[in-house]
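Fold and geometry: a report
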Amino acid sequence: EDKVVQSPLSLVVHEGDTVTLNCSYEVTNFRSLLWYKQEKKAPTFLFMLTSSGIEKKSGRLSSILDKKELFSILNITATQTGDSAIYLCAVHKGVTGNTPLVFGKGTRLSVIA
Amino acid sequence: DTGVSQNPRHKITKRGQNVTFRCDPISEHNRLYWYRQTLGQGPEFLTYFQNEAQLEKSRLLSDRFSAERPKGSFSTLEIQRTEQGDSAMYLCASSSDRGRGEKLFFGSGTQLSVL
């Protein structure tokens, strides 16, 4: 059975700290891994990773994939209270893109001033 | 804004009643997904459409659940004879089959409470 496991499940940090969120997966025919941020309702897209070792970066957020060890990390530097959210990792499998994403349980990040 | 639109935003119903939710995807997207999310869990896949064809259904989708996308545009999800265990956030997402097709855009969800 396909599995996506995120850790930690929750995390509390102070503003300015750097955090690393983890995502490991076991799926057949891996195609891509996606990170989403969910603040209130709608998950919003952050990154899509398809190749090992290539870092994706957007401002203070960055992510990298290791297809050999089957995991990804999401880094957030200089955290701000606005980073407080649930961070979801999801994996796409299959030869084409028309299969549903399999999500992990998410990491709830709380950034306190 | 041409994002994914869901309504109602909230629905409170009594056990045993039927409920129907609607999702309007991004207009040029031909793929539409329904997910369910409960507290402390990630979204769980329910069903998926490509145009008007329902291509996949999860084992989570009991026979009380039915989804349609009659003209390949908006979709409805109906739950018959609701149970308290159906209380959850129901999320809709859409994507395009251009390019790699994996990037899903989500709506704000319908929060269902079954009393």
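Residue and element names in this part refer to chain B. Within the secondary structure, His29 is located in the loop between strand 3 (19–24) and strand 4 (31–37). Note on His29: relative accessible area 9%, which makes it buried. It is 4.5 Å that separates the C-alpha atoms of His29 and Ser96, two residues lying 67 residues apart in sequence. When near neighbours in sequence (up to four residues on either side) are disregarded, His29 contacts Arg69, Ser94, Ser95, Ser96 and Phe105.

Below, the discussion takes up the state of the cysteines. All names here are of chain A. Counted according to the given criterion, the structure contains two disulfides over all chains. Disulfide partner of Cys23: Cys89, at an S-S distance of 1.9 Å. Its torsion about the S-S bond being -70°, the disulfide of Cys23 and Cys89 is classed as left-handed. One end of the pair, Cys23, is in strand 3 (residues 19–26); the other, Cys89, is in strand 9 (residues 85–93), with 66 residues separating them in the sequence. Cys89 matches Cys23 in its accessibility class, with the two residues each being buried.

What counts as what
- Residues numbered from 1 in each chain as written.
- Chains lettered and ligands numbered in written order.
- Predicted model: local features only at pLDDT ≥ 70, side-chain atom pairs only at ≥ 80, totals over all residues.
- Heavy atoms only, no water.
- Helix = DSSP H or I, 4+ residues; strand = E, 2+ residues; numbered from the N terminus.
- Buried < 20%, exposed > 50% of the residue type's maximum accessible area, 1.4 Å probe, protein only.
- Contact = heavy atoms within 4.5 Å.
- Disulfide = S-S within 2.5 Å.

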